[in-house]
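Tertiary structure, described
Here's the letter readout for the chains.
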Amino acid sequence: MKTLILGAGYSGLAVATKMKPAPGLEALMVEQNAYHTFETRLHEAAAHNTPVTLPLAPLLRGTGVNLEQAQVEGVNLDEREVTLKDGRVLTYDTLVVGLGSVTNFYRIPGLAENAAELKQLSDADEIFNFVNRAYTTEYQGNRDIVVGGAGLTGVELVTELAQRAQLLTKERGLPPFNIYLVEAGPKILPILDDALRAKAQKTLEEYGIHILVGHRLMQATADTVTVQTAEGEQKVIGAGKIIWTGGIQARDIVKGEKLEKGPGGRIAVDDKLRAKGYPEVFVIGDMGLALNQEGKPVPTTAQHAGQQGRLTGKNIMRLAKGEELEAYEPTTLGEFVSLGGLMAVGWMKLPWNQKLAITGGIAHVMKRASEWRWRVSID
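Notes on the structure follow. Computed from a prediction, not measured in an experiment: that's the story for all the values here.

What follows concerns the sheet that holds strand E16 (residues 234–238). One open sheet accounts for three strands, arranged E14-E15-E16; its pairing is antiparallel. Of all strands in the sheet, those bounded by a partner on one side alone are strand E14 (215–220) and E16. Adjacent strand axes in the sheet meet at a mean angle of 30° when their direction is disregarded. Pairing geometry for E14 and strand E15 (residues 224–229), over five bridges, is antiparallel. Note on E15: the bridge partner recorded for Leu217 is Val227.

And the structure:
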């Protein structure tokens, strides 16, 4: 059984590390980088240059999965072909698509051309290098930073940047730059309840971050953004660096006559995480539109991507042995938002569907614990 695993993000790597060599099973992972990136910690790399990658080769040892370092150009499900950027074409009996998402700029004029993203290591490097440049006496331009989107990524990024600015101000004697967090919706962090959100907002305000909720980003240039309030009032904010974290969409590289797609371009899958109409194709992570027990879309989070990947890896082993596949039953163990340093807020799941709200240092430890669980699961 010739199996291709596309992508080494949270979902793809979880698949590979749950596999073992088996008679008749030939497995190949296709990934453009030689490393796995902890995307949930890219905000730390952007602010502090924190290491957030792991080399893939040691992680794949003993799995029976080989690594092909290449970029996927397109996937044709009807022909069972995967085209690589270098022109090669790979075929498969079983396919796992875990290629993640791309930033959704919502066709806002000038945004894609002028805003940085925070999706991969090079994005974090770009932001980190800007902050360092802005804290040199030679730097002449605008030093302020505008971050669009006040979800988890945007909030974690601005708090780390504010902390970095405080440190550099102390070290180099230059004034801190302004940080603007722009959100079209009425509140930051919609994933949290009101009490935890209020705690997070207070922390942001203590950092001196300018929180602009109810402000829709209308346009971007090289050094400005135009925002509009719900009342229609527009204002222009100058910026040395614009960063957009306001939305994602599935990569649009998978084609098939019977393919069903939902919101954000996500591919509809059955209860075994197989693309509808294509039982030999598993679509997991940000690209797959899996449903929970209430029939609602499963969130595009690292914990759910890991769950889907671990199940799919086990199901591929079941396929190789001619066994029945296991159905996907998603569970949300909790959600934590880091707020710089040892501060975090969030909640963890308790028995009987209860939630325990946690803030401060304990929440920071819980967030780190979830990351260590991930490390253990792929070792």
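Bringing the side chain of Arg164 into the picture now. Along the chain, Arg164 turns up in helix H6 (residues 152–172). Separated by 3.2 Å, the side chain of Arg164 and the backbone oxygen of Ala47 make a polar contact.

Counting through the fold element by element, Asp86 comes out in the loop between strand E7 (81–84) and strand E8 (89–91). Sequence spacing of Asp86 and Ala70 is 16 residues, and the spatial spacing of their C-alpha atoms is 7.8 Å. Reaching out from Asp86, the side chain makes a polar contact with the side chain of Arg88 at a distance of 2.9 Å.

The rules we used
- Residues numbered from 1 in each chain as written.
- Predicted model: local features only at pLDDT ≥ 70, side-chain atom pairs only at ≥ 80, totals over all residues.
- Heavy atoms only, no water.
- Pairing = 2+ DSSP bridges.
- Helix = DSSP H or I, 4+ residues; strand = E, 2+ residues; numbered from the N terminus.
- Axes fitted to C-alpha atoms, helices over the stretch in contact; angles between N-to-C directions.
- Polar contact = N/O pair within 3.5 Å; in protein donor to acceptor, adjacent residues only side chain to side chain.

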